[in-house]
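Each chain, written out:
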Amino acid sequence: MDYQVPQFIEVEDKIIGPFTLKQFIYLAGGGGLIAIFLLYLPLFFGILLSIPVGALAGALAFYKVNNKSFVEMLEAGFKYYTGGRLFLWKKEEKAAPKQTVVVAPEAPQKLGLSRRRLEDLAWSLDIKDQQPPSQP
């Protein structure tokens, strides 16, 4: 038994003359809004408002950017401007609080440690995998 496989499924059907249903709805809506502007507003204001409405209706019906319809581009732009953003490159590093070691003046003498040797030990405990500061 043979089955026919549909082809050209990305192409929308021309329903109303040379226009698809979406194109017709955009153009009819824009035309209706323009008619309302011209009928109920003074002529100057009606024409002034009709030009952007007609341009938007024409763009919605026919304009494509990178094979995407203008409606998809408007939706993506709206989501971009209203959505949150994550800026990883603006991450601020928190400085580690400095720890101070308070040693009683009698402790090094009782243990037989010099002040420099005690600083070297504290340095090696605080910072691993690094060399202690150079000897002066």
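Residues numbered from 1 in each chain as written. Predicted model: local features only at pLDDT ≥ 70, side-chain atom pairs only at ≥ 80, totals over all residues. Heavy atoms only, no water.

(A) Broad picture of unusual backbone geometry. A positive phi angle, near 50°, is found at Asn66, a position not held by glycine. Along the chain, Asn66 turns up in the loop between strand 1 (64-65) and strand 2 (68-69). Using a relative accessible area of 74% as the deciding quantity, one classes Asn66 as exposed. Not every positive phi belongs to a glycine, and Asn67 is a case in point at roughly 60°. By secondary structure assignment, the location of Asn67 is in the loop between strand 1 and strand 2. Since its relative accessible area comes to 76%, Asn67 is described here as exposed. (Helix = DSSP H or I, 4+ residues; strand = E, 2+ residues; numbered from the N terminus. Buried < 20%, exposed > 50% of the residue type's maximum accessible area, 1.4 Å probe, protein only.)

(B) A look at the side chain of Ser50. When you line up the elements, Ser50 lands in helix 2 (residues 43-62). For Ser50, a relative accessible area of 9% puts it in the buried group. A distance of 2.5 Å separates the side chain of Ser50 from the backbone oxygen of Gly46, its partner in a polar contact. Once residues within four sequence positions are removed from consideration, Ser50 is found in contact with Ile34, Phe37 and Leu38. (Polar contact = N/O pair within 3.5 Å; in protein donor to acceptor, adjacent residues only side chain to side chain. Contact = heavy atoms within 4.5 Å.)

(C) Representation of the pattern of salt bridges within the structure. This model, assessed by the stated rule, comprises three salt bridges. For Arg116, the salt bridge is made with Glu119, and the minimal N-O distance between the two is 3.3 Å. On the criterion of helical spacing, the pair formed by Arg116 and Glu119 is a turn pair, its members being three residues apart in helix 5 (residues 115-126). Since its relative accessible area comes to 27%, Arg116 is described here as partly exposed. The exposure class of Glu119 is partly exposed, given its relative accessible area of 38%. Counted as one network, the salt bridges with shared partners bring together Arg116, Glu119 and Asp120. (Salt bridge = Lys/Arg side-chain N within 4 Å of Asp/Glu carboxyl O.)

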